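Chain by chain, the residues run as shown.
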Amino acid sequence: MPPEPLSDLSIVLTFLRSGQGWTQARLAGVSGEPAKHINDYERGWRRLTREKLEHLIGFMGLPPETIDSTLACLASNRAAGRPPGNTAGERTAARRRRVEVVAARGANLMAGFVRSVLSLMLAEGEALTARQRGEFLWDELRRRPPAVRMLLVKKGGRFRDWGLCVRVAAESLEKAANQPREALELAELARLIAELTPETEVPPARLQGYAWAHVANGRRVCSDLPGAKEALARSLQLWESVDAGDPGLLNAAVVPWIEAAVRREERRFAEALKRIDDALRLDPGELRGKILLSKSAIFQILEDPKGSAAALSEAAPLIDTEREPRLAFVLQFNFLVDLAHQGCYEEVEQRLPEVRALAERHRDELDVVRTVWLQGKAAAGLGRSQEAEEAFEQARRVFRERELAYDFALVSLELALLLLEQGRTAEVRTLAKGMLWVFRAQGVAQEALAALRIFCNAVQRETATVHLAQRVVRYLYRARYDSELPFEAENGAKAQ
């Protein structure tokens, strides 16, 4: 039996199958169609209907509209390939061919636009599926001790998943402020998952670069700046090795955002602000509020209150209080701290209940304690010394229990300032002795320790003054975001 004339649909099937890198045998295997039928369709030996063609290309992940765009290209090529004629009828036919060419090119442009939109929707769908999968897997791991989590990932199986890597990395960022060591443990877990996850739709180097960035952040919050720089260099090397072909399933803003935090620690502030702007440009919207908070912190170090206020103002409408109470708390808390430093204690006290409600909503004991600390600052500024002392003592106890050395040192100095103003120097000496563990703890940079040492030595020599305590307190608030900031002694020399 002779073959039927080769139809356009047969040509389309051959073109799409080969263009997708599929063999006839593979298409037959997944579609359930006999391999001989696939061959017959393409050679014209068997009639191929539009319905059957849509069915077959669906197994290759192609939508029905691909058939129309391919037919348009075929018609365009035929129209362009016909020789010109001289008769009136041929001139009319030539005009019609030109119309066909223009129409086909228009169809191709529209097809390209639709293809871009569909690709974006597909990437977003894959990312959403991965996030849901990662959330499910993290629920299984979160109840396990860190060593067991590592063991489960090393054993293989479903925990080697890029969605889980992203979820664990996000958890590391959330823990960075209050549990720095746990943040680092989680970052290392994300790195392990990234390195052991088989190749998927996310390029392995891209996933590993993403995870190493979180390791850099974990080391940074643990005051290991050399380790953070080393991890960041590894992250950038891996991340930047893959650009073309990246489907964009990972938020590209995360790496420059973390890089900005490390550059800030290095006192490379211009570079940090540039990377912040890069992150804001790349972010699709999910991290913008957090990135702007980081920008505000850099302006605070640079003693640029206008820049800081502008960043906070831009961040405020981007933060959903219901969905992100912790982020809303950080923004409002930082704003009230700025007001306190300007001496606006009455306004701080008026707005504090709202901020405390945010802390209670996301059930973080440390943030609730920080509002108690801020209440103490307001009470001290308003002359209610007993109330301030009780608030400072409560905050100190919790910070000591949690081994948050920097916060403990700050509130201790504010309590010492309160006691010095009342002439209670013997109690200040006791307070200074209770701060000795800070010098052996993680979380306080060498420059800040040098400033604390100056104050403690002055207490031991009974030469500590209110002025010195005020200077060290002001310095520590700035040095929290600038670990290399030197503290200058009274004579202008740097502290040793």
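Coordinates for the structure precede this section.
Keep in mind that what you see is a predicted model, and the values were worked out from it rather than measured.

Asker: Looking at this structure, I do not really get the overall build of the chain. What am I missing?
Answerer: Looking only at helices and strands, the chain features 23 helices and zero strands. Buried residues in the chain amount to 48% of all 496 residues. Split by element, the accessible area of the chain, about 25,100 Å² in all, is 52% carbon and sulfur.

Asker: Got a minute to help me understand unusual backbone geometry in this structure?
Answerer: Residues apart from glycine generally show negative phi values, whereas peptide bonds are mostly found in trans. Phi at Ser-223 is positive, roughly 65 degrees, even though this residue is not glycine. Looking at where Ser-223 falls in the secondary structure, it is placed in the loop between helix 10 (204-221) and helix 11 (225-239). In this structure, Glu-462 takes a positive phi of about 60 degrees despite not being glycine. Within the secondary structure layout, Glu-462 lies in the loop between helix 22 (446-460) and helix 23 (466-479).

Asker: Quick question: what am I supposed to make of the side chain of Ser-172 here?
Answerer: By the secondary structure assignment, Ser-172 is in helix 8 (residues 162-175). Ignoring sequence-local partners within four residues, the contact set of Ser-172 consists of Ala-183, Leu-186, Ala-187 and His-214.

Asker: Explain the packing of aromatic side chains here, please?
Answerer: What characterises a pair of aromatic rings is the spacing of the ring centres plus the angle enclosed by the ring planes. This structure, assessed with the given rule, holds five aromatic pairs. With a centroid separation of 6.4 Å and 35 degrees between ring planes, the pair formed by Tyr-210 and Trp-239 is classed as tilted. Highlighted residues: Tyr-210 in helix 10 and Trp-239 in helix 11, separated in sequence by 29 residues. This pair shows no difference in class: Tyr-210 is buried, exactly as Trp-239 is. Residues Tyr-475 and Phe-487 carry aromatic rings whose centres are separated by 5.2 Å and whose planes lie at 65 degrees to one another, so their mutual orientation is edge-to-face. Separated by 12 residues along the polypeptide, Tyr-475 in helix 23 and Phe-487 in the segment after helix 23 bring together distant segments of the chain. On the accessibility criterion, Phe-487 (4% relative accessible area) is buried. A cation over an aromatic ring shows up here: Arg-206 above the ring of Trp-239, its NZ or CZ 3.8 Å from the ring centre.

Asker: Would you mind showing me how to read the pattern of salt bridges here?
Answerer: For side chains bearing opposite charge, pairing can occur when the charged atoms are close. Counted according to the given criterion, the structure contains 43 salt bridges. Here Arg-50 and Glu-54 are joined by a salt bridge, their closest N and O atoms 2.9 Å apart. Taken together, the positions of Arg-50 and Glu-54, both in helix 4 (residues 50-58) and four residues apart, correspond to about one turn of that helix. Here Arg-50 falls in the partly exposed class, since its relative accessible area comes to 30%. Residue classification places Glu-54 among the partly exposed residues on the basis of a relative accessible area of 30%. The closest approach of N and O atoms between Asp-139 and Arg-142, which form a salt bridge, is 3.4 Å. On the basis of relative accessible area, Arg-142 is assigned to the partly exposed category, the value being 33%. Sharing partners across several salt bridges, the network here consists of Lys-229, Glu-259, Arg-263, Glu-266, Arg-268, Glu-271, Lys-274, Arg-275, Asp-278 and Arg-281.

Definitions and cut-offs
- Here the residue numbers are simple positions, counted from 1 along each chain's written sequence.
- Local features in this predicted model are restricted to residues of pLDDT 70 or higher, and side-chain atom pairs are both shown and tallied only at a pLDDT of 80 or more, whereas totals for entire chains, interfaces and linings draw on every residue.
- Each side-chain value is worked out from all heavy atoms of the structure, with water and hydrogens disregarded.
- By definition, any uninterrupted DSSP run of H or I lasting at least four residues is a helix, any uninterrupted run of E lasting at least two residues is a strand, and each is numbered from the N terminus.
- Only protein chains enter the calculation, and the probe is 1.4 Å; a residue is then buried if its accessible area is under 20% of its type maximum, exposed if over 50%, and partly exposed in between.
- In these tables, accessible area is a Shrake-Rupley quantity obtained with a 1.4 Å probe, and a residue counts as shielded only by the protein chains included in the view.
- In this description, contact between two residues means that some pair of their heavy atoms is separated by no more than 4.5 Å.
- Any two rings among Phe, Tyr and Trp, with Trp reduced to its six-membered ring, count as a pair given centres within 6.5 Å; such a pair is stacked if its planes are under 30 degrees apart, edge-to-face if over 60, and tilted if neither.
- Look at NZ for Lys and CZ for Arg. If either is within 6 Å of the ring centre and within 35 degrees of the ring normal, a charge sits over the ring.
- Salt bridges, as used here, are contacts in which a Lys or Arg side-chain nitrogen is within 4 Å of a carboxyl oxygen on Asp or Glu.

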